[in-house]
Amino acid sequence: MSLKRRDFVKLCAGTVAGLGISQVFNPSLVMALEKAAKKTPVIWIQGQGCTGCSVSLLNTVHPSIKEVLLKIISLEYHPTVMAAEGELALEHMYEIANKYKGKFFLVVEGAIPKAADGKYCIVGEMGGKEITMLELTEELGKKAAATVAVGACACFSAGIPGAEGNLTEASSVKTIFDEAGIKTPVINIPGCPPHPDWMVGTIAHVLLYGIPELDDNARPKLFYGLNIHENCPYRSYYESGTMSPVFTKKEGCRYDLGCKGPVANADCWKRHWNNGVNWCIENALCIGCVEPGFPDDMSPFYESM
Ligand code: FSX
Ligand code: SF4
Ligand code: SF4
């Protein structure tokens, strides 16, 4: 492989102009990934979520989702995008998990409910027996080489399903693993949903160079290492006390409208969303979707801290 880790990291980090991994995925990297992916299948399971994380991944433009699925991620199971369904699909998933025991990557999207023996989230049925998300997460978690928790729901305090008032004991992957004594490493890719670059970039890093450097919340520093407020293009407005009275105004800091940029750590300020077209603060404000405690600790979204 001709691309050194240092260069890959540079690619992932993007530039101030907003270029990121999705805009500049380079051919030598794709070739190397194609080789690595063949040996490392990915099993993607979904629990309590809105499928927004998968939709976000499907929105990756460069590389296209076709390239991601055919060359970068050898996706053997994904409830939303696979053509197979029912027992046939589950049988294939178990076959891959056993054949590649200790070698495959498990991606978990959505929270895992513990109440009522996990019955709030049934993810399949085999031979007339219902399979809960809880059972599946534990079973596959034990066998995986590493687990990537995508989205606020699978990380930390279980996101929207884990918010105040939830009766299902929605839990994060880390909580489930800790309670079941599962030692498989967990990488958190929070966001509601996460940026496609954060998911594709992290999986590519794991495949090519191993687990990237993580922060105290098990997030790759590559994408979550810098604070939004400290790097925000609206920062000069904040310093001069020029506050925007409405979301629609181009000028002015969003602090008084409830912006949570000061406590949010991610590279949205330079990566931008929707293939670089815009990002939260440009259209409204940051609701701190990448932080532990989201959404409760970031609420009310539209009131300043
Ligand atoms: Fe959660 Fe994924 Fe928020 Fe949705 O499924 S991270 S609710 S955007 O997308 O899990
Ligand atoms: Fe900070 Fe938000 Fe204002 Fe940007 S818009 S400077 S992140 S408070
Ligand atoms: Fe989440 Fe804030 Fe980034 Fe938007 S700007 S994706 S709310 S961390």
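Whatever comes next refers back to the structure up there.
As a starting point, this report considers the structure included with it.

Each value, and the rule that gives it
- Residues numbered from 1 in each chain as written.
- Chains lettered and ligands numbered in written order.
- Predicted model: local features only at pLDDT ≥ 70, side-chain atom pairs only at ≥ 80, totals over all residues.
- Heavy atoms only, no water.
- Core = buried A, V, L, I, M, F, W, Y, C linked by side-chain atoms within 4.5 Å.
- Buried < 20%, exposed > 50% of the residue type's maximum accessible area, 1.4 Å probe, protein only.
- Helix = DSSP H or I, 4+ residues; strand = E, 2+ residues; numbered from the N terminus.
- Contact = heavy atoms within 4.5 Å.
- Near = heavy atom within 4 Å.
- 1 Å grid on protein atoms, 1.4 Å probe; cavity = no way out; pocket = protein on both sides within 12 Å on 5 of 7 lines; lining within 4 Å.
- Sits in = over half its atoms within 2 Å of the grid points.
- Nonpolar A, V, L, I, M, F, W, Y, C, P; charged D, E, K, R; others polar.
- Pairing = 2+ DSSP bridges.

Re the nonpolar core
- Residues V150, I189, W198, I228, W279 and I281 are the most contacted members of the largest nonpolar core, which totals 51 residues.
- No other element matches helix α9 (residues 196–209), which puts seven residues into this core.
- Not counting the four nearest positions on each side in its chain, W279 is found in contact with I228, C232, P233, C268, W269, H272 and W273.
- Residues A97, V108, M133 and L136 belong to the second largest nonpolar core, which totals 30 residues.

Overview of the site of ligand 3
- Lining the immediate environment of ligand 3, one finds I228, C268, W273, W279, C280, C286, I287, G288, C289 and V290.
- Mapping ligand 3 onto the cavity grids shows that it belongs to the largest pocket.
- Considering only residue class, the shell around ligand 3 consists of nine nonpolar, one polar and no charged.

Points about the pairing of strand β7 (residues 146–150)
- In terms of residue burial, β7 counts as a mostly covered element, since five of its five residues are buried.
- Residues A146, V148 and V150 line one face of β7 and the alternating positions T147 and A149 line the opposite face, and both faces are buried.
- The pairing of strand β3 (residues 105–109) with β7 spans five bridges and is parallel. Across the sheet, the residue bridging to F105 is A146, located in β7.
- In this structure, β7 lies alongside strand β9 (residues 186–189), joined through four bridges in parallel fashion. Pairing of A149 across the sheet is with N188, part of β9.

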